[in-house]
Amino acid sequence: MSNTDITGTAKVVFMPSGRRGDFPLGTTVLEASRALGVDLDTVCGGRAVCGRCQIVPSHGEFAKLQIVSEHNHLSESGPTEEKYKRIKGLKDGRRLGCQSQILGDMVIDVPEESQIHRQVVRKSADEIRDLEIDPVVTLHYVELPKPSMEDQRADLERIVAQLAQDWGLDGLAWDIQCLARLSPALRAGEAYGGEFKATVAVRGGREAIAVWPGFKDRVYGIAVDVGTTTVAGHLCALDTGEVLASSGMMNPQIRFGEDLMSRISYLQQNEGSAPELTSAVQAALADLVTVLAGEAGIDPQEVVELTIVGNPTMHHLVLGIDPTQLGMEPFPLVLDQGSSIRVRDLGLPVNPGGYAWFLPCIAGHVGADTAGVILSQAPHLTGEMTLVIDVGTNAEIVLGHKDRLIACSSPTGPAFEGAQITCGQRAAPGAIERVRIDRETLKPRFKVIGSDLWSDEPGFAEAIEGAGVTGICGSGIIEAVAELHLAGIVDASGRMQAKGLEIADHPNFRAKGRNFEYVLHTDDERAIYVAPGDVRAIQLAKSACYSGTRLLMDRMGTAQVDRIYLAGAFGSYIDVAYAMAIGLIPDCDLAQVASAGNAAGTGARIALLSAKARAEIDRVCRQVEKVETAIAEDFQEYFVAAMSLPHASDPFPQLEAWLEAEGLARR
Ligand code: FES
């Protein structure tokens, strides 16, 4: 029985999409896929150059589809395809869709890597969420006739006509820098064989932004997180999402002030100084781009797209917008929507036709970094009451689910980063990061960054030789305060007290005036201890965070959260149980509390790879309700109640059960 009908057409079904249609015999698989809107990739437009159109013909009887798909229903591999196979190789069973003609009914599989909208699958908890790539920039290879006395069309007219004919790209705008490179690219492309040959990068299907001689099948993007302290970026292949290089550097604006408020103060006191801060951060971005391209071994000209997240002040300063008004009521943003800005307007040494897309800001204190966190942790896609806290010198807090999201920012100060703590330091080798205090002997043991051993384990002294024990980092001070409280040395009000404790001549208790300090470690060079003021500093910081959360929970009308994510560098190191034990976060099933790593940066990467994700986060951010802690009447009340360890009135039953089960219960 013939599988072709008398009119000379054949049925074709593409899998996994299931799209099907009837096509005249001789139609190529690529043509059929285009006609059906099947997701089959191509950069060369069907010239057997790119190899992106690979398909797998399925053979056999497909009763459900009413198709008998036989070997001879696809044309044999011709000389062009054989040449490709010889030079670049083709896996067994694979064919080039652009070279395979349909000669009878067929079922055709499109493998994942041949799909334009391929999946990026999450590999670990702090990795990018499962995502379908939806490219913002696409590459289009064209071959076009050279000018002659008979055909004197301009280069632009010539290539525009070819892009329309081969790719259906009508009405493209042309960036002037791209246009300036067109003629040299076309003429250099001649070297690849008789005709003009070039590859054009098109953004959003609307604008030609870059052109290269000959065939080019890959361009790159960089996702950047501009933090107050550090600027970090990932360089990714835009077609696969693969990260080829990651790097970070200090934000040179530090010379204008350590933290955000001191930089805003600098701006307020030095009128007209915003351009200085803008130049500093743009120069750092330029350096970062160069470093990343070098690490990835690519030409910076191949970078055509960036995405940028940052708090509102950083966001505005990178753009060259004076953020001074963000420090004054009513804290209005100048720009809040997701925005495309030419990279050349930011002084970045990448392809000048490229763009940087700034994620949207939510409010004066809740910026594009929070938008990145939302995109990464996706509270707007779940039915669970989800709390996401990006902990830094400010805590940006988002609460809600698919029907409603609310957000605020609360000033935690630098205590969680080890600043304002007597023996505090940044997270670095030698810093105490884990602390346990024996409930009976009141003796401590601890771990330092750079060693897996506890301080009372054999080999610890050798393991830390050289680096020593140098101080306490943010996660260490949280555990120290929590353990001091659980051991009965710090009461619920945060006071260090010795009532009922046997501390006479205890080596870890040191009198200080009418009070005492708790010594974690001493050696020939120094003593590392916790002073009453340190407990106070942590109480203030955690109270700011908790009261912001509580404010949002009350506005939401919920007494319980189902899931908590702690984001930010600090959030990645903190033990979530201890964060709960001091009352930094509300009571919750600890199995549902997780670190989200650098969620803002992950969000920037998602936006880099997906136009759909950009539209999604722009829409979600417009719907987020903002709560301004600075003017919320009840905030002070919340703050006072949250100063207690873990809280003056809120219960923590799930935490208590966990502490009991772990043998860490309160003394
Ligand atoms: Fe490029 Fe087939 S479309 S090789």
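Before reading further, recall that the structure is shown in the block above.
These notes cover the structure that comes with them. (Residues numbered from 1 in each chain as written. Predicted model: local features only at pLDDT ≥ 70, side-chain atom pairs only at ≥ 80, totals over all residues. Heavy atoms only, no water.)

A word on the overall build of the chain
Turning to step 1, where the next piece is worked out: Within the chain one finds 17 helices and 31 strands.
Turning to step 2, where the next piece is worked out: Seen along its three principal axes, the alpha-carbon backbone of the chain occupies a region of about 100 × 65 × 55 Å.
Turning to step 3, where the next piece is worked out: Counting the 667 residues in the chain, one finds 56% classified as buried.
Turning to step 4, where the next piece is worked out: Restricting to contacts in the chain with at least 6 residues of sequence separation, those with at least 24 account for 66%.
Turning to step 5, where the next piece is worked out: In the form shown here, the chain has an accessible surface area of approximately 27400 Å², with 50% of it arising from carbon and sulfur atoms.
Turning to step 6, where the next piece is worked out: Between the centroid of the 60 positive side chains of the chain and the centroid of its 88 negative side chains there is a distance of 2 Å. (Helix = DSSP H or I, 4+ residues; strand = E, 2+ residues; numbered from the N terminus. Buried < 20%, exposed > 50% of the residue type's maximum accessible area, 1.4 Å probe, protein only. Contact = heavy atoms within 4.5 Å. Areas by Shrake-Rupley, 256 points an atom, 1.4 Å probe, with all protein chains shown as cover. Lys, Arg positive; Asp, Glu negative; His and termini not counted. Charge placed at Lys NZ, Arg CZ, Asp CG, Glu CD.)

Side note on the nonpolar core
Turning to step 1, where the next piece is worked out: Counting 86 residues, the largest nonpolar core has Ile389, Leu399, Ile432, Ile489, Val530, Leu584 and Ile585 as its most contacted members.
Turning to step 2, where the next piece is worked out: If one sorts the elements of this core by residue count, helix H11 (residues 532-556) sits on top with eleven residues.
Turning to step 3, where the next piece is worked out: The contact partners of Ile389, leaving out residues within four places of it in the chain, are Ala395, Glu396, Ile397, Cys545, Thr549, Tyr565, Leu566, Ala567 and Ile585.
Turning to step 4, where the next piece is worked out: Listed in part, the 53 residues of the second largest apolar core include Ile209, Leu333, Tyr565 and Val624. (Core = buried A, V, L, I, M, F, W, Y, C linked by side-chain atoms within 4.5 Å.)

Here we look at the layout of surface pockets
Gaps left between atoms are located by rolling a probe of water-molecule size over the structure's atoms.
Turning to step 1, where the next piece is worked out: The computed volume of the second largest pocket comes to approximately 540 Å³.
Turning to step 2, where the next piece is worked out: Together, 30 residues line the second largest pocket, and Asp41, Thr42, Ile116, Thr138 and His140 are the ones closest to its centre.
Turning to step 3, where the next piece is worked out: By residue number, the principal contributor to the lining of the second largest pocket is strand E10 (residues 137-144), which donates four residues.
Turning to step 4, where the next piece is worked out: Residue classes in the lining of the second largest pocket are distributed as 13 nonpolar, eight polar and nine charged. (1 Å grid on protein atoms, 1.4 Å probe; cavity = no way out; pocket = protein on both sides within 12 Å on 5 of 7 lines; lining within 4 Å. Points joined across faces, edges and corners; volume = space filled by probe spheres on them. Nonpolar A, V, L, I, M, F, W, Y, C, P; charged D, E, K, R; others polar.)

Focus on helix H10 (residues 474-486)
Turning to step 1, where the next piece is worked out: Over its 13 residues, H10 runs 18 Å from end to end, which matches the ideal 18 Å to within 8%, given 1.5 Å per residue.
Turning to step 2, where the next piece is worked out: Judged by how many residues are buried, H10 sits mostly within the fold: 13 of 13 residues are covered.
Turning to step 3, where the next piece is worked out: One or two steps after H10, the chain reaches Gly488, where phi turns positive at roughly 85 degrees. (Expected span 1.5 Å × (residues − 1).)

Describing the sheet that holds strand E18 (residues 339-342)
Turning to step 1, where the next piece is worked out: An order of E16-E15-E14-E17-E19-E18 is seen for the six strands of this open sheet, with the pairing classed as mixed. With one partner strand each, in any of the chains shown, strand E16 (243-250) and E18 form the two edges of the open sheet. This sheet shows a mean twist of 20 degrees between the axes of neighbouring strands, independent of strand direction.
Turning to step 2, where the next piece is worked out: Sheet topology note: the strand E14 (residues 220-226)/strand E17 (residues 303-310) ladder contains seven bridges and is parallel. Residue pairing in the sheet places Val226 in a bridge with Gly310 of E17. (Pairing = 2+ DSSP bridges. Axes fitted to C-alpha atoms, helices over the stretch in contact; angles between N-to-C directions.)

Description of the packing of aromatic side chains
Turning to step 1, where the next piece is worked out: Overall, the coordinates contain seven aromatic pairs when judged by the stated rule.
Turning to step 2, where the next piece is worked out: Centre to centre, the rings of Tyr141 and Phe215 are 5.6 Å apart; their planes meet at 85 degrees, and the pair counts as edge-to-face. Highlighted residues: Tyr141 in strand E10 and Phe215 in the loop between strand E13 (207-213) and E14, separated in sequence by 74 residues.
Turning to step 3, where the next piece is worked out: Each ring, one from Tyr546 and one from Phe652, has its centre 6.4 Å from the other, and the planes form 40 degrees; the classification is tilted. (Phe/Tyr/Trp six-rings, centres within 6.5 Å; stacked < 30°, edge-to-face > 60°.)

Description of the packing of H11 against helix H16 (residues 635-642)
Turning to step 1, where the next piece is worked out: It is at 8 Å that the axes of H11 and H16 come closest, and there the two elements cross at 130 degrees. Accordingly, the angle class assigned to the pair H11 and H16 is oblique. Crossing hand, H11 versus H16: right-handed. Each of Leu540, Lys542, Ser543, Ala544, Tyr546, Ser547, Gly548, Arg550, Leu551 and Asp554 in H11 lies in contact with H16, whose residues at this interface are Phe635, Tyr638, Phe639 and Ala642. (Parallel < 35°, antiparallel > 145°, perpendicular 65-115°, else oblique. Left-handed = near helix turned anticlockwise from the far one by under 90°.)

Notes on the environment of Ile133
Turning to step 1, where the next piece is worked out: If you trace the backbone, Ile133 turns up in the loop between strand E9 (131-132) and E10.
Turning to step 2, where the next piece is worked out: Residue class for Ile133 comes out buried when judged on its relative accessible area of 0%.
Turning to step 3, where the next piece is worked out: C-alpha of Ile133 to C-alpha of Glu329: the two residues are 196 residues apart in sequence and 40 Å apart in space.
Turning to step 4, where the next piece is worked out: Ile133 has contacts with Ile116, His117, Arg118, Val120, Leu238, Asp239, Thr240, Gly241 and Leu609, leaving out every residue within four places of it along the chain.

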